[in-house]
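Structural description and commentary
Residue-level listing of the chains:
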Protein chains: 2
Amino acid sequence: MRNTVARDAILEIINTTDEALSQSDVQAKLPEGLCNRVTIYRVLDRLVDEHLAHKITNIDGVIKYANCQSCTTKHKHNHLHFNCERCNTVTCIEAVEPSFKLPANYEVKNVNFLVSGICPECKGN
Amino acid sequence: MRNTVARDAILEIINTTDEALSQSDVQAKLPEGLCNRVTIYRVLDRLVDEHLAHKITNIDGVIKYANCQSCTTKHKHNHLHFNCERCNTVTCIEAVEPSFKLPANYEVKNVNFLVSGICPECKGN
DNA sequence: TTTTTTAATGCAATAGGGTTGCAGTTGCAA
DNA sequence: TTGCAACTGCAACCCTATTGCATTAAAAAA
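Residues numbered from 1 in each chain as written. Chains lettered and ligands numbered in written order. Predicted model: local features only at pLDDT ≥ 70, side-chain atom pairs only at ≥ 80, totals over all residues. Heavy atoms only, no water.

1. Digging into the relation of the copies chain A and chain B
Between the two chain copies there is a screw-like relation: a rotation about an axis and a shift along it. Short version of the rule: The copies are overlaid by a least-squares fit using only the C-alpha atoms of residues whose pLDDT is at least 70 in both copies. Pairs of residues are marked as contacts when any of their non-hydrogen atoms sit within 4.5 Å.
For the pair chain A and chain B, the relating rotation is 180 degrees, the translation along its axis is 0.0 Å, and the fit reaches an RMSD of 0.0 Å. In the structure described here, the two chain copies are related by an operation that fits a two-fold rotation axis. Taking C-alpha positions as reference, the residue of chain A nearest the rotation axis is G61 of chain A, located at 1.8 Å. Interface overlap between copies: 100% of the residues of chain A at the interface are likewise at the interface in chain B, consistent with a symmetric, same-surface contact.

Structure (structure tokens):
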């Protein structure tokens, strides 16, 4: 995995933003022309492979990425994500890990728990 | 809400299929040329409004629809959905309602719990 | 330092899900 | 039977995301 300008800049953005970001969110935060839009998609996917970010599929189908807190060898993200309908942000609610128990013989590989509604900030306004 | 040929046919499909279906899944099951692809999108949305179907956003961002079991006045679908990576189906696991508790001031309007992995059928083969 | 290797990037084209505007059709109530 | 509004078809469009291929540039090797 090489250290490139695009990778550094995108990782920095992911790590300093406390909401999950889509490719276009990242693009909006990058200096104009720093890299191609396709590169953003590819870097984000690479960050997931490196366990530096995790993927969340939002209610509207758009894929968002957020930084990993403690994923050294394996991703573990069964915490909840909240999508605010008003400000349209997706945030990790790390504190909340829903508990559930599947019937026998289901092999779980990935969890995407998404709750949408109104976040405290928007509710206050 | 009017009773149309398209609505009847699509509702019948949704009600007799025990996996969640996307617009293109429904189209594949409809007699060729019964209606336009746009109509399928619109009918599915209408069925959701009528509380006859509910929406699930799959991991890959595709929206699927499944019939409602007991939604007379209000949708309530905090049951789990399972997406099999192998046969790429999404099924309602009605029996499993994950429990979770959000911090104060979050107003929940919608729940989309999706777990992906391998389903029992595919695991057996 | 220079060379070499190959991962990473840019670009243009493409795919696929979903939506919109509008004219025409049809269910259904009056 | 008539009239209205809900529904549909069609074409165009938007958006997210992916792919193939030529080029560039990290970083290891010489």
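2. So, the sheet that holds strand β3 (residues 80-84) of chain A
Formally: We call two strands paired when DSSP finds no fewer than two bridges between them. The way it works is that DSSP assigns letters per residue, a run of H or I at least four long becomes a helix, a run of E at least two long becomes a strand, and they are numbered from the N terminus. For helices, the fitted line uses only the C-alpha atoms of the stretch in contact; every axis is such a line through C-alpha atoms, and the angle between N-to-C directions lies from 0 to 180 degrees.
Taken together, six strands build an open sheet; the order of strands is β4(A)-β3(A)-β5(A)-β5(B)-β3(B)-β4(B) and the sheet is mixed. Whereas interior strands pair on both sides, the edge strands pair on one side only; in this sheet they are β4 (90-93) of chain A together with β4 (90-93) of chain B. Each neighbouring strand pair of the sheet contributes to a mean axis angle of 25 degrees, computed without reference to strand direction. Where strand β3 (residues 80-84) of chain B lies against β4 of chain B, four bridges are found, and the strand directions are antiparallel. Bridging across to β4 of chain B, L80 of chain B finds its partner in I93 of chain B.

3. Points about the side chain of K64 of chain A
All names here are of chain A. For the record, the criterion: Between buried and exposed lies partly exposed: a residue is buried under 20% and exposed over 50% of the maximum accessible area for its type, with that area taken using a 1.4 Å probe on protein chains only. Side-chain atoms alone can form a polar contact between residues adjacent in sequence; in general such a contact is a pair of N or O atoms within 3.5 Å, and within protein one must be able to donate a hydrogen while the other accepts it.
Structurally, K64 can be placed in strand β2 (residues 63-67). Overall, the relative accessible area of 6% leaves K64 in the buried class. There is a polar contact of 3.1 Å between the side chain of K64 and the side chain of D25. Leave out the neighbours within four places in its chain, and K64 touches A20, L21, S22, D25, H54, K55, I56, N58, N88 and V90.

4. A short note on the pairing of strand β5 (residues 107-118) of chain A
One ladder, built from four bridges, connects β3 of chain A with β5 of chain A; its direction is parallel. Along β5 of chain A, the bridge assignment pairs C84 of chain A with G117 of chain A. One ladder, built from eleven bridges, connects β5 of chain A with strand β5 (residues 107-118) of chain B; its direction is antiparallel. Counted as the bridge partner of L114 of chain A is N112 of chain B from β5 of chain B.

5. Focus: unusual backbone geometry
Residues and elements named next belong to chain A. The backbone of N88 shows a phi angle near 55 degrees, a positive value even though the residue is not glycine. Mapped onto the fold, N88 is located in the loop between β3 and β4. Positioned with a positive phi, N105 is a non-glycine residue whose angle comes to about 75 degrees. Among the structural elements, N105 can be located in the loop between β4 and β5. Judged by its relative accessible area of 52%, N105 is exposed.

By themselves, these are just geometric observations and shouldn't be taken as functional.
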